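Examining the three-dimensional arrangement
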Amino acid sequence: MLTKRDLILSTAAIAAGAAIARPSLLMAQNDRPRFFKAKDIAEQGFIYGLPIVMNYAVMYEYAVDRNSGQFKAPFNQIKNEARVFTYKDTAIITPNSDTPYSLLWMDLRAEPMVLSVPAVEKSRYYAVQLEDGNTYNYGYIGSRTTGNEPGDYMVVGPDWKGATPPGIKKVFRSSTQFSLAAYRTQLFDPADMPNVVKVQSGYQAQPLSSYLKQPAPAAAPAINFPKVDKEMVKTNFFEYLDFALQFAPAQENEKEIRAALARIGIGAGKPFSLKSLSLEDKAEILLGMKEGERKVDEAITNAGTSMNGWRVSSFFGDSAFFNGDWLKRAAGAKAGIYGNDAEEATYLLGKSDGENQPLDGAKHNYTLTFLAGQLPPVNAFWSATMYDGKTQLLIENPINRYLINSPMLPNLKKNTDGSLTLYIQNKSPGADKESNWLPAPKGKLRTARSIWLCDSIRRRPRRRRSCPSAKAHGRRPASSPRNSHPRPAVARCRIGTAYRSSQQGMASHETSPETGRCHSRSGGR
């Protein structure tokens, strides 16, 4: 199956798959930029287009190709999943496995869609995330934004003009003609699934004409969607971008990049084929893509703030949030496409342990401990999810557990002092600790902490503090210079660090109400 990682181009793979070069049509263009300028444009185009191409690949698997193995439903039909995602779900990287999904891909070309939600009990979190082909979160329906009352909401395309019908609570406008509505419904425990199914059965989607009980408008023209597979993405990245752009009218802040792409033969309605380029033209494109990929990876590594080994950043939002920052948008898509706004969920990505070494389930076992009374304060739930470090997908494991979250707390064992320790490792920590075991892959791993509807948002700069409880536990607190740079808007929720198990005993670690790193040493817990 195609995954996000398959979308990251390899120069060698592209060159190997390219056909014998033919004279390029671009050479005939009078305004063709010189070599290095063309390379720069290809680099910018890769960064700009990466989220758009990634979104197209997911849409194709979910709503177009019935034989993809990941197909959900045709356009404008909701697919309710009466289950959480597992390692078998491969179309989207870093998927949420806390809340069963309902997915709706909308074709807004002919007319708007009306989304109806039922009354949901106050104690149950739910959200409908609206994300367009530019990977902009252009609206939310649900607990945080519209409440848990029933209602009808209308989603319109970029060019729609018309009155809002009576009974519609709010209108949401997509910047592209195809859009995704991702429904998340909180699951409290396995026995709660029938209640989730009941909520899901109340999710309805229908064209505006059906909602108004009027004749439908003329159907939109049929589309020959280009097939997506691993090899075709490697060799035809800009062809996919070219195809997708025709359904995404250029916004004001896109006009410059689109004009630049047009100079090297890429743009809405402009046929582009890498195979048809001359060797020189091809080299320009490939070098630009490779440099663009490097910059995206670098942006992910350096984004946000490092807190106790976790990377906390805000990668997701609407068009105004990105404001033409294509590198931020690309980094967000590659880190985890379809992420939520910070107000909806805060994400903490862990790739290193308390000694700042890469997390590796083949080499080490890890623990993550919360002091008594210092679990993340949330209005919905918190979760720690395990992903494969290479594929960024959920991992197959003997107990079919992909995460540990707050609804599981009644079944988790606490330590004698009231603290809670999670065991992050490839093999079982033993029957007495297995309730707290988060299985890890045998190799590079990536942990993600998601905190849904955290109590507060911090936006002011502050000094990093050492762990206030470190002295009491006989541990040397870490020192840190004053951080004079404002931190991004992140949830003020307690976090911890994953530490390695030592040969003498389990390396213990306590969390802090603030964000200072606490040092650990071998103990005998």
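Residues numbered from 1 in each chain as written. Predicted model: local features only at pLDDT ≥ 70, side-chain atom pairs only at ≥ 80, totals over all residues. Heavy atoms only, no water.

Along its length, the protein carries ten helices and 21 strands. Across the 525 residues in the protein, those meeting the buried criterion constitute 56%. By sequence separation, contacts in the protein at least 24 residues apart represent 73% of the contacts at least 6 residues apart. Summed over all atoms, the accessible surface of the protein reaches about 22,300 Å², with 51% contributed by carbon and sulfur. (Helix = DSSP H or I, 4+ residues; strand = E, 2+ residues; numbered from the N terminus. Buried < 20%, exposed > 50% of the residue type's maximum accessible area, 1.4 Å probe, protein only. Contact = heavy atoms within 4.5 Å. Areas by Shrake-Rupley, 256 points an atom, 1.4 Å probe, with all protein chains shown as cover.)

Another aspect to go through is the layout of surface pockets. The calculated volume of the second largest pocket comes to roughly 510 Å³. Looking at the second largest pocket, it is lined by 20 residues, and the ones nearest its centre are Asp189, Pro190, Leu403, Asn405 and Met408. (1 Å grid on protein atoms, 1.4 Å probe; cavity = no way out; pocket = protein on both sides within 12 Å on 5 of 7 lines; lining within 4 Å. Points joined across faces, edges and corners; volume = space filled by probe spheres on them.)

Turning our attention to the sheet that holds strand β6 (residues 151-156). Taken together, the four strands give an open sheet; going across it, the order is β7-β6-β3-β9, and neighbouring strands pair in mixed fashion. On the outer flanks of this sheet lie β7 (168-173) and β9 (204-207), each paired with one strand and no other. Within the sheet, the average angular offset between the axes of one strand and its neighbour, ignoring direction, is 25°. Of the pairings in the sheet, the one linking strand β3 (residues 113-117) to β9 comprises four bridges and is antiparallel in character. Within β9, the position partnered with Ser116 by the bridge is Gln204. (Pairing = 2+ DSSP bridges. Axes fitted to C-alpha atoms, helices over the stretch in contact; angles between N-to-C directions.)

The two faces of the sheet receive side chains in turn, since in a regular strand these alternate between them. Judged by how many residues are buried, β6 sits mostly within the fold: five of six residues are covered. As judged from the five bridges shared by β3 and β6, these two strands associate in the antiparallel manner. What sits directly across from Met113, in β6, is Val155. Judged from the five bridges that link them, β6 and β7 form a sheet pairing that is parallel. Its bridge partner being in β7, Asp152 is matched across the sheet by Ile168.

In this section: helix α6 (residues 237-245). With respect to burial, α6 is a largely interior element, eight of its nine residues being buried. If you check which residues of α6 are buried, you get Phe237, Phe238, Tyr240, Leu241, Asp242, Phe243, Ala244 and Leu245.

Turning next to the sheet that holds strand β1 (residues 78-80). With respect to topology, five strands assemble into an open sheet ordered β1-β2-β8-β4-β5, the strand pairing being antiparallel. Looking at the sheet topology across the chains shown, the edges are occupied by β1 and β5 (137-142). When strand polarity is set aside, the average angle formed by the axes of neighbouring strands in this sheet is 15°. Alignment of strand β2 (residues 101-107) against strand β8 (residues 178-185), held across seven bridges, turns out to be antiparallel.

Time to look at the packing of helix α8 (residues 279-302) against helix α10 (residues 326-336). Viewed as axis vectors pointing N to C, α8 and α10 meet at an angle of 75°, and their least axial separation amounts to 9 Å. One element, α8, and the other, α10, form an angle in the roughly perpendicular class. Residues Glu293, Lys295, Val296, Asp297, Ala299 and Ile300 of α8 touch α10, and the partners they reach there are Leu327, Ala330, Ala331, Lys334 and Ala335. Class assignment for the residues of the contact of α8 with α10 results in seven nonpolar, no polar and four charged. (Parallel < 35°, antiparallel > 145°, perpendicular 65-115°, else oblique. Nonpolar A, V, L, I, M, F, W, Y, C, P; charged D, E, K, R; others polar.)

The subject of this paragraph is empty space enclosed by the protein. Summed over the entire model, instances satisfying the criterion amount to seven cavities of 30 Å³ or more. In terms of lining, the largest cavity is formed by Ile52, Asn55, Tyr56, Met59, Gly133, Asn134, Thr176, Phe178, Phe243, Ala244, Phe247 and Ala248. Taken together, the residues that form the lining of the largest cavity break down as eight nonpolar, four polar and no charged.

Let us look at the environment of Gln186. Looking at the element boundaries, Gln186 is found in the loop between β8 and α3 (193-201). Exposure remark for Gln186: the relative accessible area of 4% places this residue in the buried category. Separated by 86 residues in the primary sequence, Gln186 and Pro100 place their C-alpha atoms 7.1 Å from one another. Here Gln186 is in contact with Thr99, Ser123, Arg124, Tyr125, Asp192, Val196, Ala380, Phe381 and Pro407, once residues within four sequence places are set aside.

Here we take up the confidence of the model for the protein. On average, residues of the protein score 81 in pLDDT, and 79% of them reach the 70 mark or higher. Note on residues 456-497: pLDDT under 50 across the span, and 108 contacts to partners over four residues away in sequence or across chains. (pLDDT = per-residue confidence, 0-100.)

Moving on: the pattern of salt bridges. For the structure on display, the rule yields 18 salt bridges. Of the charged contacts in the structure, one is a salt bridge between Arg83 and Glu81, with a shortest N-O distance of 3.3 Å. Overlapping salt bridges bring together Lys39, Asp40, Glu43 and Lys295 as one network. (Salt bridge = Lys/Arg side-chain N within 4 Å of Asp/Glu carboxyl O.)

Let us now look at the packing of aromatic side chains. Under the defined criterion, the tally for this structure stands at 24 aromatic pairs. Ring geometry for Phe315 versus Phe316: centroids 6.2 Å apart, planes at 70°, classification edge-to-face. With respect to burial, Phe315 and Phe316 carry one shared label: buried. Consider the rings of Phe316 and Tyr347, whose centres lie 6.1 Å apart with planes at 80°: the pair is edge-to-face. Residue Phe316 is found in the loop between β11 (310-312) and α9 (319-322), and its partner Tyr347 is found in strand β12 (residues 345-350); the two are separated by 31 residues along the sequence. By relative accessible area, which is 13% here, Phe316 ends up buried. An aromatic cluster is present here, built from Tyr56, Tyr60, Phe75, Phe178, Phe225, Tyr240, Phe243 and Phe247 joined pairwise through their rings. Arg144 extends its terminal NZ or CZ atom over the ring of Tyr140, reaching a point 5.2 Å from the ring centre. Its end group placed over the ring of Phe321, Lys328 keeps NZ or CZ at 4.5 Å from the ring centre. (Phe/Tyr/Trp six-rings, centres within 6.5 Å; stacked < 30°, edge-to-face > 60°. Lys NZ or Arg CZ within 6 Å of the ring centre and 35° of its normal.)

Attention now goes to unusual backbone geometry. Where the residue is not glycine, phi is negative for most of them; where a peptide bond is considered, it is trans in most cases. Even without a glycine there, the phi angle at Asn76 is positive, about 70°. Summarising the element assignment, Asn76 is placed in the loop between α2 (35-64) and β1. Residue Asn76 is classed as partly exposed on the basis of its relative accessible area of 24%. Here the phi dihedral of Thr135 falls at roughly 60°; this positive angle occurs in a residue that is not glycine.

Nonpolar side chains tend to gather and get buried jointly when the protein is soluble and globular. Core analysis: the biggest nonpolar cluster contains 71 residues, and Tyr56, Tyr62, Trp105, Phe225, Phe238, Leu261 and Ile285 have the highest contact counts within it. Elements supplying a minimum of two residues to this core: α2, β2, β8, α6, α7 (255-263), α8 and α10. With 17 residues, the top contributor of residues to this core is α2. Excluding anything up to four places from it in sequence, Phe238 contacts Ala42, Gly45, Phe46, Leu261, Ile266, Phe272, Ile285 and Met289. Ile395, Leu412, Leu438 and Leu445 belong to the second largest nonpolar core, which has 20 residues in total. (Core = buried A, V, L, I, M, F, W, Y, C linked by side-chain atoms within 4.5 Å.)

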